[in-house]
Protein chains: 2
Amino acid sequence: MKVTDKHDKIIKAAIRVFAKKGFFNSRISEIAKEANVADGTIYLYFNNKYDILITIFEEEIGKIIAKVKQEIAKIDDPRKKLERFAYLHLRLVEDNRDLAEVIQVELRQSSKFMKEYRNKKFAEYLNIISQIIRQGQNQGIFRQDVMPGIFKRAFFGALDEMSRFWVLSTRKKYRVSTAAKQISKFFLDGILIPELKAN
Amino acid sequence: MKVTDKHDKIIKAAIRVFAKKGFFNSRISEIAKEANVADGTIYLYFNNKYDILITIFEEEIGKIIAKVKQEIAKIDDPRKKLERFAYLHLRLVEDNRDLAEVIQVELRQSSKFMKEYRNKKFAEYLNIISQIIRQGQNQGIFRQDVMPGIFKRAFFGALDEMSRFWVLSTRKKYRVSTAAKQISKFFLDGILIPELKAN
DNA sequence: ACTATCTGAATGAACGTACATTCATATTTT
DNA sequence: AAAATATGAATGTACGTTCATTCAGATAGT
């Protein structure tokens, strides 16, 4: 690794600028300034503005998926796996706010144009969840009528919306561990009081 | 109402174009063409491009909130209210795909710049959910440890992610009623098989 | 009933600017 | 001193917005 890795400096700067202004409202000159680099230098490392965005996704999302997979693999009980997934997801957002915001907003925005890409990586992330469900169903822990394809989206969506709330609001109202526990409990136990559960 | 309401024609055209290309990649000339109107005509009805987007939100979101509130009010049982909310939300998305896509992607994108706006209207929508929870808690149907502020986001997020899936994919894999039932059941009953419920 | 005058909605070519990208030149590294 | 890396002013263009002009239809005058 070079003493000053320009590639990395530019990526880090771009994450900050994109998070603050959004991709289309960010200027190359701003990113250059934030990275302490000349405008032209950016084009020595990236083909164009859009390429910077793509690279952010490619380099960062892979790391996240690998990390979550690895952590989940350490646990046996599918119930605990779910709770752990929730915690890890929210922690990642908390620890990488700018990145989280860029992924949330811009990956969505661009999804039409990079559908294949989103589909591949994002599906991989979601499938960590559906795998947990199938494992739980095989072990007789989760109900058979739970559709893993719907569950994975619902569970991810719940976490994602919670993250968005954090990313957009300045102060957090709830702690990560509280939110992770609440959300996984919603999905595991439901919200009905025990006596009322019919099934 | 005039024979040809240009304001409306332009809004409808813009929803189609924004949904297809995204706000920043949409050209005024495209919207004009789609609306069968000259470029300049658009500026007789709107101050600028951004104003078109704002107007879409202002005119359409209000209608949606009003409709959902009204439908929910007809029901007593908080359990049924939740399921109905899920169904209505997903139905709205299904019946107004382009609008749903614009709201999902662009409202999020712009949220930093129209925070006050999103906060107001969107919070109103989310609060329909937390009201249902509080009502259920008062009636002794929902557990007291459910935090309405977290629940509303989790529930909305689950529906929203399911919608995004529909908006972005060409063919629907699940029926609206199936998804609505699954998701509300997740939240009401959880996914554990009955024997395993500890609490 | 016919003509003249007025009106303002609609048009689309022209304008001006903002900004991504390039490249001739400078600096640093080997 | 050659090669590699970095610079930032200059370039070219895409596109939001403007505005002089048109013209269908309304109103008034004869």
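Refer to the structure above for everything that follows.
Just so you know, these numbers come straight off a predicted model, no measurement behind them.

(A) Broad picture of the overall build of chain A. Within chain A one finds 9 helices and 0 strands. Counting from the amino terminus, chain A carries its helices and strands in the arrangement α-α-α-α-α-α-α-α-α. When each of the 199 residues of chain A is scored for burial, the buried share is 56%. Carbon and sulfur atoms make up 51% of the accessible area of chain A, which amounts to about 9100 Å² in all.

(B) Layout of the pattern of salt bridges. This structure, assessed with the given rule, holds 28 salt bridges over all chains. The salt bridge partner of Arg 143 of chain A is Asp 145 of chain A, with a shortest N-O separation of 2.9 Å. Residue Arg 143 of chain A is classed as buried on the basis of its relative accessible area of 8%. Asp 145 of chain A gets classed as partly exposed once you look at its relative accessible area, which sits at 38%. Linking Lys 21 of chain B and Glu 30 of chain B is a salt bridge whose minimum nitrogen-to-oxygen distance equals 3.1 Å. Classification of Lys 21 of chain B as partly exposed rests on a relative accessible area of 31%. Residues joined in a network through salt bridges with shared partners are Asp 160, Glu 161 and Arg 164 of chain A together with Asp 160, Glu 161 and Arg 164 of chain B.

Basis of the calculations
Residues numbered from 1 in each chain as written. Chains lettered and ligands numbered in written order. Predicted model: local features only at pLDDT ≥ 70, side-chain atom pairs only at ≥ 80, totals over all residues. Heavy atoms only, no water. Helix = DSSP H or I, 4+ residues; strand = E, 2+ residues; numbered from the N terminus. Buried < 20%, exposed > 50% of the residue type's maximum accessible area, 1.4 Å probe, protein only. Areas by Shrake-Rupley, 256 points an atom, 1.4 Å probe, with all protein chains shown as cover. Salt bridge = Lys/Arg side-chain N within 4 Å of Asp/Glu carboxyl O.

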